[in-house]
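Architecture at a glance
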Amino acid sequence: MKQRDAIPVLYTVLPADPAAHRFEVTCTVQIPDPEGQYFSLPAWIPGSYLIRDFARHIVRLEAMANGQPVTVTKEDKQTWRCAPCSGPLTLRYEVYAWDLSVRTAHLDQTHGFFNGTSLFLKVHGRETAPSLVDLRPPCGKVKGTWHVATTLPKLETDAAGFGCYRVADYDELIDHPVEMGNFVQGNFQVEGVPHRLIITGRHRADLNRICHDLGRICSYHANLFGELPEMECYLFLLTVTGKGYGGLEHRSSTALICSRGDLPRNGEHGVSEGYRAFLGLCSHEYFHLWNVKRIKPTAFTTCDLGKEAYTRQLWAFEGITSYYDDLALVRCGLISVESYLELLGQTITRVWRGPGRLRQSVAESSFDAWIKFYRQDENSPNAIVSYYAKGSLIALALDLTIRLQSDGRRSLDDLMRTLWQRYGKSGRGIPEGTIETLAEQVAGTDLKEFFQRCLYGTEDPPLETLLPRFGVAFHLRPADSDSDKGGKPATHSIPRTVLGARFEEQKGLLRITTVVDGGAAQRAGLAAGDLLCAIDRLRVTSGNLERLLEHYSPGERVTVHAFRYDELMEFDVTLQEAPPDTCFLTLMEADDATLRRREAWLGISSARTTHADTDDEKR
Ligand code: ZN
């Protein structure tokens, strides 16, 4: 094709061997660097801050120019250099794709999914040049007739979506994930822009209802920012599995994984916990359309994906996004106020239960995401804090503070609109610390101490004092059981005796996953990985631990037998009382001014302050 020759770089993607999970990719450079052309693959994917070394899945690579092989030398773990040659130069390589996650690539007889960061080698010197992508139908035996779903801009495709796509530069090339296979599709419009949901994997979900609910969430976010970013269409690429949860944001799409059971079936009413979590996930990724995909730190506008990009601002990009994901559900009427307060109570519980929050600040957590938050181990609860969870509580505290300081005239919504207008629309990066300065301007008050304590220090956001000003009471209680996530009042009132450790079942034994810092287990010398066999010479399992401990009071001593590696060890444990680390929130009787503040914050009118989604549940 003439048109193709004019484009500096052409990629072809062929699902060459679905049974062996191998894509075959070619990359043709019309005019290669006369000194020798360099190619490389990113080490990480934007939105997921971990070095993943995608190049390790390239299993074979060769180069040809004018019918002759070209020598290729590996320069480092992810970079190749071709010997000087005249163009066009074509690299041909295989990519192993067998990771069913939103971050990499997956291929079998049922479908193919990939992110550009896993498949498309960057042509050095051509990063800002346009390129073509030719998506080919699969080879060999596959299930059904495959179609393509992607937001890659179409140039020339067949009815199924196979064919040519064109992107403006490398950044765009790797920001449109591709799904191919047999999926179902639902459509809706937001502000006149076509939105699509496609679902891969077996399910019996009510597609119409999901599209209807997603439409409300998307419209809510578009309204908050005042407009949609410029885009032709938006795509939710959803894969359902038996057990899964996750999402990754892109410039006009999101890749999601959820559990089959989370989606509502036809004829099902009400919002189950699973569906609420699914809607929160979609809401989160869609909010990223503005916050982080366009409103982004300087560290991300200037980074190369070959190595880490450091920022202390992830509390704003992930924390604020996490604050708005669930808040949008109550503000657009999909869940009740009680349901929202339950979610908020659970987030507070997650943060309050981590002793690591007293060691690491959220700013540090952001900076060290690469080696700590994304590489968690048995000590993480004692060593780190989540910039998602605590970041969202900082956002909540900031929102409530701005509302109080401005007498209800301003809120965090104004800060987000300001960030969108000043930075997001132009794509200009935000320097470190600027969001805090802008927050002060929106609030009209000095917030340095607040940020110093809660963001750069390890203090908890002052929710116990802020929430009552909005007619919401803050309560802490001990956990009812190991599976108690918080968000609800206690189910019984007897003080619970605990070991001060977290467990999982392993081959009928109770394996310690984390020893809580300063707790009974740690003081007695128990360690993560120990396999508990008996308490006071009675066999202990995950099924009877709670019942065994019910017979003891806090302060009593027990003998614990456990295997460390293959040695049986004996520990003298002084049992402790379950700490009050479980939060639940309740609506308070309040004066008119307080009620008005609550209604403005949650975006509700008095009529639907309680049992707001009754109508919706009967829909
Ligand atoms: Zn996120």
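Note that this is a predicted model, so its numbers are computed, not measured.

We now examine the coordination of the zinc ion. Only His284 (NE2), His288 (NE2) and Glu318 (OE) from the protein coordinate the zinc ion, and they sit 2.0 to 2.1 Å from it. Spacing between the donor residues of the zinc ion along their common chain follows H-x3-H-x29-E. Taken as a pair, His288 in the loop between α5 (273-287) and α6 (298-301) and Glu318 in helix α7 (residues 314-331) lie far apart in primary sequence, 30 residues in all. Each member of the pair His288 and Glu318 is classed as buried.

Counting across every chain of the model gives 33 salt bridges. For the salt bridge of Asp175 with Lys293, the shortest nitrogen-to-oxygen distance reads 3.3 Å. Taken as a pair, Asp175 in the loop between α3 (170-173) and β16 (178-181) and Lys293 in the loop between α5 and α6 lie far apart in primary sequence, 118 residues in all. Relative accessible area serves as the criterion here: at 14%, Lys293 is assigned to the buried category.

A few words on the domain arrangement of the protein. For the protein, the domain assignment lists domain 1 (3-182), domain 2 (183-289), domain 3 (295-475 + 598-619) and domain 4 (497-577). Between domain 3 and domain 4, the C-alpha centre-to-centre distance is 36 Å. Contact with domain 3, which involves 6 residues of that partner, is made by 7 residues of domain 4. Three residues stand out in domain 3 for area buried against domain 4, namely Glu378, Pro381 and Asn382, and they jointly supply 67% of the buried area on that side. One can count 1 salt bridge joining domain 3 with domain 4. For Asp517, the salt bridge identified is with Arg359, shortest N-O distance 2.7 Å. Viewed at the interface, domain 4 and domain 3 are joined by 5 residue pairs in polar contact (both at pLDDT 80 or more). By residue class, the composition of the side of domain 3 that touches domain 4 is 2 nonpolar, 1 polar and 3 charged.

A few words now on the state of the cysteines. Counted according to the given criterion, the structure contains 0 disulfides. There is no disulfide at Cys139, and the cysteine sulfur nearest it, in Cys164, is 17 Å away. Judged by its relative accessible area of 30%, Cys139 is partly exposed.

Strand order in the open sheet formed by 4 strands is β6-β7-β3-β11, and the pairing between neighbours is antiparallel. Edge positions in the sheet fall to β6 (72-76) and β11 (122-123), since each has one partner strand and no second.

The 4 strands are arranged β9-β10-β16-β13 in an open sheet whose pairing can be described as antiparallel. Both edges of this open sheet fall to β9 (105-107) and β13 (147-150), since each of them pairs with a single strand only. When the angles between neighbouring strand axes are averaged without regard to direction, this sheet yields 10°. Two strands pair when backbone bridges link them, and β13 and β16 are joined in this way by 4 bridges, in the antiparallel orientation. Directly across from His147, in β16, lies its bridge partner Gly181.

Turning to helix α18 (residues 592-602), a few remarks are in order. Every buried residue belonging to α18 is among Thr594, Arg598, Glu599, Trp601 and Leu602, and all of these are buried. Axial view of α18: buried residues confined to an arc of 165°, hence all on one face. Exposed residues pointing more than 90 degrees away from the buried face of α18 are listed as Asp592 and Arg596. Next to the buried residues of α18 lie α7, α8 (337-352), α11 (389-405), β22 (472-477) and β31 (582-587). Between a side-chain oxygen at the N-terminus of α18 and the backbone nitrogen of Ala593 the separation is 3.3 Å; the capping residue is Asp591.

Attention now goes to the pairing of strand β24 (residues 501-506). Bridging between β24 and strand β25 (residues 509-515) involves 6 bridges; their strand directions are antiparallel. Bridge pairing in β25 places Ala501 opposite Val515.

Moving on to the packing of aromatic side chains. All chains considered together, the criterion is met by 29 aromatic pairs. Judged by centre distance (4.8 Å) and plane angle (15°), the rings of Phe287 and Tyr324 are stacked. Residue Phe287 is found in helix α5, and its partner Tyr324 is found in helix α7; the two are separated by 37 residues along the sequence. Both residues of the pair, Phe287 and Tyr324, belong to the buried class. Connected via pairs of aromatic rings, a cluster forms that spans Phe188, Phe225, Tyr234, Phe236, Tyr286, Phe287, Trp290, Tyr323 and Tyr324. Lying over the aromatic face of Phe367, Arg312 brings its terminal NZ or CZ to 4.3 Å of the ring centre.

As a further point, take unusual backbone geometry. The amide bond that connects Gly87 to the next residue, Pro88, takes the cis arrangement and shows omega of -10°. Within the secondary structure layout, Pro88 lies in the loop between β7 (79-82) and β8 (89-96). Positive phi, close to 60°, is recorded for Asp407, a residue that is not glycine. Tracing the chain through its elements places Asp407 in the loop between α11 and α12 (412-424). According to the relative accessible area criterion, Asp407 is exposed, its value standing at 64%.

About the criteria used
- Residues numbered from 1 in each chain as written.
- Predicted model: local features only at pLDDT ≥ 70, side-chain atom pairs only at ≥ 80, totals over all residues.
- Heavy atoms only, no water.
- Donors = N, O, S within 2.8 Å, 3.2 Å for Na, K, Ca; no water.
- Helix = DSSP H or I, 4+ residues; strand = E, 2+ residues; numbered from the N terminus.
- Buried < 20%, exposed > 50% of the residue type's maximum accessible area, 1.4 Å probe, protein only.
- Salt bridge = Lys/Arg side-chain N within 4 Å of Asp/Glu carboxyl O.
- Domains from an automatic or database assignment.
- Contact = heavy atoms within 4.5 Å.
- Buried area = accessible area lost by both parts, 1.4 Å probe.
- Polar contact = N/O pair within 3.5 Å; in protein donor to acceptor, adjacent residues only side chain to side chain.
- Nonpolar A, V, L, I, M, F, W, Y, C, P; charged D, E, K, R; others polar.
- Disulfide = S-S within 2.5 Å.
- Pairing = 2+ DSSP bridges.
- Axes fitted to C-alpha atoms, helices over the stretch in contact; angles between N-to-C directions.
- Arc of directions from axis to C-beta.
- Phe/Tyr/Trp six-rings, centres within 6.5 Å; stacked < 30°, edge-to-face > 60°.
- Lys NZ or Arg CZ within 6 Å of the ring centre and 35° of its normal.

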